[in-house]
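Next come the chains, spelled out residue by residue.
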Amino acid sequence: MDQSRVLLWVKAEPFIVGALQVPPPSKFSLHYLRKISTYVRTRATEGAYPRLYWSTWRHIACGKLQLAKDLAWLYFEIFDSLAVKTPEERLEWSEILSNCTSEDEVERQRNQLSVDTLQFLLFLYIQQLNKVSLRTSLIGEEWPSPRNRSQSPDRTEKSSCHNKNWNDYSHQTFVYDHLSDLLELLLDPEQLTASSHSTNSSLVSREAVVALSFLIEGAVRRTRKIYPLHELALWQPLHAESGFSKISKTFSFYKLEAWLRACLTGNPFGTSACLKSGKKLAWAHQVEGTTKRAKIACNTHVAPRMHRMVVMSQVYKQTLAKSSDTLVGAHVKIHRCNESFIYLLSPLRSVTIEKCRNSTFVLGPVQTALHLQSCDNIKVIAVCHRLSISSTTGCIFHILTPTRPLILSGNHTVTFAPFHTHYPMLEDHMAKTGLATVPNYWDNPMIVCRESRDTSVFRLLPPCEFYVFIIPFEMEGDTTEIPGGLPSSYQKALGHREQKIHIWQKTVKEARLTKALET
């Protein structure tokens, strides 16, 4: 079969959810990852390969890479959260953790967790997506090198999405430009030279190509079914192009790399495709007297599950409220919204809020990551698996989360507060996303930035400033109160305030004021 009939593209989710939006530790460089790749294979009987256990990764990360244990766990847990799991499995893990009574007990439970070793190496490598480059910061993205002049016309287009985690051209360029390194990272040590490089005779194992399916998938032209990379590479009509040998059950490194480069194209379900040819949604109206036009697009009419996307931009001075199948399981990007109230009351896969100001966002449960970037004076109310923030000023987060909120670089006057609202379908949506009410680390953020470990960047909302939030819409459903309740100090503050109001009302009633006296 002609290889031009096969389309391959870089998956969006590992970058949207998996690439932490902070420069990676210096020890995640290719040099150290190659050392880890060799090391784990020599420790196969010690929980290192083909599955990497937390205890072994902790030993590598803390003992050999000199990472703090919290940071080692952070990367391990982010990768684990990308794994395909049922909501029941996620809820079961939350229950196990909530029953732990000490740190040692938590550690014993973590020691039972393992991840796919080769895929985890790829995950660590793609953290380089947000590496700060002196060259790029001086002259911008365009660097006149032959590598950047791709033969693929798709990659020459400019994307309107500057956030690299959401920019599918950045994903494609990253994989295309680092493809040799990614493949070499997956090679068995005996296939490498003394300097850890491949040769024309290097062979790539089936397991390595299966691992590469973490980043790449594809389809046969004019068909809609999506296949993981390894299924296409192992498809008999493509053996000559992909370099697979039935005898050795391996791939030729040289042929496999050439085939991948020839077939890589733009992601048909990425942000760019969504903005260019996605369905336009009339969820917001044009505000008179403004030149800004709200733009909302989605690909849910064509995208399979796990590829759904909704992009919302320039909603200005309005209230937008939706509970819709279009949102269910979607990656949502909210961009440049100002002076608005936005309610997205459906179970969501991930949410990124970027360059928004003076607005309130009330979200349905977010199954993976909720990220804010370059926002001012924003209030976010959400149940989410993980919250991360960078370059925010004066924002307040009312959250319920089983992981520590991540304070990345450039934040000022951040306020954390307990989750303080409910809507009728909330608990049902939490069950669908595998999110429980415990454990809840809303008040224990982790500062992950090199420039400062200063804890004064955030505060916990004083109970005297706390009020519950009422969602003013009628919906079907069984939830009638805040899931998990409120922390006792906040509940007491509310009770004390209600008591004062009751006393005042009683005083007014007993005073028997006449209309004349009341005025």
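Counting restarts for each chain: residues are numbered from 1 in the order of the written sequence. Given that this is a predicted model, residues contribute local features only at a pLDDT of at least 70 and side-chain atom pairs are listed and counted only at 80 or more, while totals for whole chains, interfaces and linings are drawn from all residues. Neither water nor hydrogens contribute to the side-chain values; these are computed over all heavy atoms in the structure.

- Under an unreviewed UniProt entry, the name given to the protein chain is TBCC domain-containing protein 1, and the source organism is Myotis myotis.
- Check the Function (unreviewed entry) section of the UniProt entry for the protein chain; it says "Plays a role in the regulation of centrosome and Golgi apparatus positioning, with consequences on cell shape and cell migration." UniProt positions are given in the numbering used here, feature names are shortened, and annotations may be inferred rather than shown by experiment.

**Points about the overall build of the protein chain**
Logical step 1: To qualify as a helix, a DSSP run of H or I must reach at least 4 residues; to qualify as a strand, a run of E must reach at least 2; elements of each kind are numbered from the N terminus. Looking only at helices and strands, the protein chain has 18 helices and 23 strands in total.
Logical step 2: Relative to the 2.2 N^0.38 estimate, which gives 24 Å for 519 residues, the radius of gyration of the protein chain is 25 Å and therefore close to what a compact globule would have.
Logical step 3: Reported as C-alpha extents along the three principal axes, the dimensions of the protein chain are approximately 100 × 55 × 45 Å.
Logical step 4: Here's how the labels work: a residue is buried when its accessible area is under 20% of the maximum for its type, exposed when over 50%, partly exposed in between, all with a 1.4 Å probe on protein chains only. Here the protein chain, with 519 residues, has 52% of them falling under the buried criterion. Taken over C-alpha atoms, the radius of gyration is set against a globule rule of 2.2 Å times the number of residues to the power 0.38.

**Considering the sheet that holds strand β8 (residues 250–252)**
Remark on secondary structure: sheet strands pair via backbone hydrogen bonds, oriented parallel or antiparallel.
Logical step 1: Sheet architecture is open: 3 strands sit in the order β4-β8-β7, paired in antiparallel fashion. In this open sheet, the two edge strands, each paired with only one partner strand, are β4 (203–205) and β7 (244–245).
Logical step 2: Relative to β8, β4 runs antiparallel, the two being bridged by 3 bridges. Of the residues in β8, the one forming a bridge with Ser205 is Thr250.
Logical step 3: Contacts are assigned to residue pairs that have any heavy atoms within 4.5 Å of one another. To obtain each axis, a line is fitted to C-alpha atoms, and for helices this fit is confined to the stretch in contact; angles are then taken between N-to-C directions over 0 to 180 degrees. The strands touched by helix α14 (residues 253–263) are β4 and β8; relative to β8, the strand with the most contacts, the crossing angle is about 75°. Should DSSP find at least two bridges between two strands, the strands are taken to pair.

**Structural notes on empty space enclosed by the protein**
Logical step 1: Grid spacing is 1 Å over the protein atoms alone, the probe is 1.4 Å, and a cavity is where that probe fits but cannot get out, while a pocket is an open set with protein on both sides within 12 Å along at least five of seven lines and lining residues have an atom within 4 Å of a point. Grid points are joined across faces, edges and corners, and a volume is the space filled by probe spheres set on the points. Per the stated rule, a full pass over the model turns up 4 cavities of 30 Å³ or more.
Logical step 2: As a volume, the largest cavity reaches approximately 140 Å³.
Logical step 3: Secondary-structure elements contributing two or more residues to the lining of the largest cavity are β15 (350–354), β17 (366–373) and β18 (376–390).
Logical step 4: Ranked by residue count, the leading element in the lining of the largest cavity is β15, at 3 residues.
Logical step 5: The residue makeup of the lining of the largest cavity includes at least three contributed by each of domain 1 (6–131 + 162–263) and domain 2 (271–501). Where each domain begins and ends follows an automated or database-derived domain assignment.

**What to know about the sheet that holds strand β5 (residues 216–220)**
Logical step 1: Spatially, β1-β5-β6 is the arrangement adopted by the 3 strands of the open sheet, whose pairing is antiparallel. Two strands close off the open sheet at either side, each with one partner strand: β1 (6–10) and β6 (227–228).
Logical step 2: Of the strand pairs in this sheet, β1 and β5 are connected by 5 bridges, and their pairing is antiparallel. Following the sheet pairing, Leu8 is matched in β5 by Gly218.

**A few points about the domain arrangement of the protein chain**
Logical step 1: The domains assigned to the protein chain are domain 1 (6–131 + 162–263) and domain 2 (271–501).
Logical step 2: Look at where the C-alpha atoms of domain 1 and domain 2 centre, and you get two points 30 Å apart.
Logical step 3: Between domain 1 and domain 2, the residue contacts involve 30 residues of the former and 39 residues of the latter.
Logical step 4: By the criterion of area lost to domain 2, the three top residues of domain 1 are Glu13, Gln21 and Trp166, representing 23% of everything that side buries.
Logical step 5: For this analysis, a salt bridge means a side-chain nitrogen from Lys or Arg found within 4 Å of a carboxyl oxygen belonging to Asp or Glu. Our count for the contact surface shared by domain 1 and domain 2 stands at 3 salt bridges. Summed over both partners, the accessible area (1.4 Å probe) lost when two parts come together is defined as the buried area.

**Re the layout of surface pockets**
Logical step 1: Estimates place the volume of the second largest pocket at around 1100 Å³.
Logical step 2: Broken down by secondary-structure element, the contributors of at least two residues to the lining of the second largest pocket are α1 (13–16), α4 (69–82), α5 (87–98), β3 (114–116), β5, β6 and α16 (426–433).
Logical step 3: There are two domains that each give the lining of the second largest pocket at least three residues, and those are domain 1 (6–131 + 162–263) and domain 2 (271–501).

**A few points about the pattern of salt bridges**
Logical step 1: Taken as a whole and assessed by the stated rule, the structure comprises 15 salt bridges.
Logical step 2: A salt bridge links Glu184 to Arg34; the shortest N-O distance between them is 2.6 Å. Of this pair, Glu184 sits in helix α10 (residues 179–186) while Arg34 sits in helix α2 (residues 30–42), placing them 150 residues apart in sequence.
Logical step 3: Residue Glu184 is classed as buried on the basis of its relative accessible area of 7%.
Logical step 4: Note that Glu107 and Lys69 form a salt bridge whose closest N and O atoms lie 3.2 Å from each other. Residue Glu107 is found in helix α6 (residues 103–110), and its partner Lys69 is found in helix α4; the two are separated by 38 residues along the sequence.
Logical step 5: Here Glu107 falls in the buried class, since its relative accessible area comes to 11%.
Logical step 6: A cluster of three or more residues bridged by salt bridges with shared partners is formed by Arg58, Lys69, Glu107 and Arg110.

**Concerning α14**
Logical step 1: Listing the buried residues of α14 in full gives Phe253, Leu256, Glu257, Trp259, Leu260 and Cys263. Burial along α14 is one-sided: seen end-on, the buried residues are contained in an arc of 160°. Directions are taken from the helix axis to each C-beta atom, and the arc is the one they span.

**A short note on the side chain of Thr433**
Logical step 1: Within the secondary structure layout, Thr433 lies in helix α16.
Logical step 2: Among the residues examined, Thr433 registers a relative accessible area of 4% and is labelled buried.
Logical step 3: At 3.1 Å, the side chain of Thr433 and the backbone oxygen of Met430 are in polar contact.
Logical step 4: Filtering out sequence-adjacent residues up to four positions away, Thr433 remains in contact with Arg90, Pro347, Leu348, Pro365 and Gln367. Polar contact criterion, stated in full: a pair of N or O atoms within 3.5 Å, where within protein one must be able to donate a hydrogen and the other to accept it, and residues adjacent in sequence count only if both atoms are side-chain atoms.

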